[in-house]
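Spelled out from the first residue to the last, the chains are:
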Amino acid sequence: MSTTASNYLLIFRETALERYDDMSHEQRLQAMRRWNGWLDALVAQGKMQGGNTLDSSARIVSNTNGTRTVDGPFAEAKELIAGYILLTVSGLHEATAIAEQCPFLEYGMTVEVRAVAQACHLARALGWETMREPATA
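Numbers given for residues are sequential positions, taken from 1 along each chain in its written order. Confidence filtering applies because this is a predicted model: local features only for residues at pLDDT of at least 70, side-chain atom pairs given and counted only at 80 or more, and all residues used for totals across whole chains, interfaces and linings. Hydrogens and water molecules were not included; the side-chain quantities draw on all heavy atoms of the structure.

### Comments concerning the packing of aromatic side chains
Pairing of aromatic rings covers Phe, Tyr and the six-membered ring of Trp, with a centre-to-centre limit of 6.5 Å; geometry is then stacked below 30 degrees between planes, edge-to-face above 60, and tilted otherwise. Taken as a whole and judged by the stated rule, the model has seven aromatic pairs. Their ring planes at 55° and their centres at 5.9 Å tell us that Tyr20 and Tyr107 sit as a pair that is tilted. In this pair, Tyr20 is assigned in helix α1 (residues 18-21) and Tyr107 in the loop between α3 (92-99) and β6 (110-115), connecting sequence segments 87 residues apart. A residue is classified by how much of its surface remains accessible, and Tyr20, at 18% relative accessible area, is buried. The interplanar angle of 55° and the centroid separation of 5.4 Å between the aromatic rings of Trp35 and Trp38 together place this pair among those described as tilted. Of this pair, Trp35 and Trp38 are both found in helix α2 (residues 25-44), three residues apart, which corresponds to roughly one turn of the helix. A 1.4 Å probe rolled over the protein chains alone gives each residue an accessible area, and that area as a share of the maximum for its type sets the label: buried under 20%, exposed over 50%, partly exposed in between. Among the residues examined, Trp38 registers a relative accessible area of 11% and is labelled buried. Labels follow the DSSP assignment, with helices taken as runs of H or I lasting at least four residues and strands as runs of E lasting at least two, numbered in each case from the N terminus.

### Things to note about the nonpolar core
Definition of nonpolar core: a set of buried residues of the types Ala, Val, Leu, Ile, Met, Phe, Trp, Tyr and Cys, connected through side-chain atoms within 4.5 Å. Residues Trp38, Ile85 and Leu87 are the most contacted members of the largest nonpolar core, which totals 21 residues. Put simply, the parts of the chain that give this core at least two residues each are β1 (6-14), α2, β5 (80-89) and α3. Per element, the largest residue contribution to this core is five residues, and it comes from α2. With residues up to four places along the chain from it excluded, the contact list for Trp38 reads Leu10, Phe12, Ile85, Ile98, Gln101, Cys102 and Pro103. Contacts are assigned to residue pairs that have any heavy atoms within 4.5 Å of one another.

### Topic: the sheet that holds strand β2 (residues 48-53)
Strand pairing is assigned whenever DSSP identifies at least 2 bridges connecting the two strands. The strand order across the open sheet formed by four strands is β2-β5-β1-β6, and the pairing between neighbours is antiparallel. Among the strands making up the open sheet, the edge pair consists of β2 and β6. Direction aside, neighbouring strands of the sheet carry axes that sit 15° apart on average. Sheet topology places β2 next to β5; five bridges connect them, and they run antiparallel. For Thr53, the partnering residue across the bridge sits in β5 and is Gly83. Every axis in this analysis is a line fitted to C-alpha atoms, fitted for helices over the stretch in contact. Angles between the N-to-C directions lie between 0 and 180 degrees.

### Observations regarding the pattern of salt bridges
Opposite charge on two side chains permits pairing when their charged atoms draw close. Salt bridge, as used here: a side-chain nitrogen of Lys or Arg that lies within 4 Å of a carboxyl oxygen of Asp or Glu. Tallied over the entire structure, the rule returns four salt bridges. Here Glu106 and Arg34 are joined by a salt bridge, their closest N and O atoms 3.7 Å apart. Placement of Glu106 in the loop between α3 and β6 and of Arg34 in helix α2 is noted, with a sequence separation of 72 residues between them. Judged by relative accessible area, which is 35%, Arg34 ranks as partly exposed. Taking the shortest distance from any N to any O, the salt bridge between Glu112 and Arg114 comes out at 2.9 Å.

These results come straight from atomic positions and should not be treated as a statement about function.
Shown next as structure tokens:
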């Protein structure tokens, strides 16, 4: 097993917001305490580097036949990206094991586990290892 640490992003998707409406105040409070305890443990272990929740309002910017900005999210969306945390772990297996411990999975949340790359597809197609053009000697 490699000892090199890698960065992974856990992306939290809410798929059943109405489930929280059916919970009592005490159940909501206990759920949040489990969530915060989980995050506190990741910070104490040096695995969580940061994270945030995301507001539900959004805009989508694209450039198909001219730049276009559209308000979102859209009513037909079945899930909402609720937030993310950045981990530094040994690899995909460890990041996935952490995601599997997410206390909100039981409420319908899903967690996407993604490696943080140093270069996008276009940069890699140019043979670059990062988003910056390599310096020439």
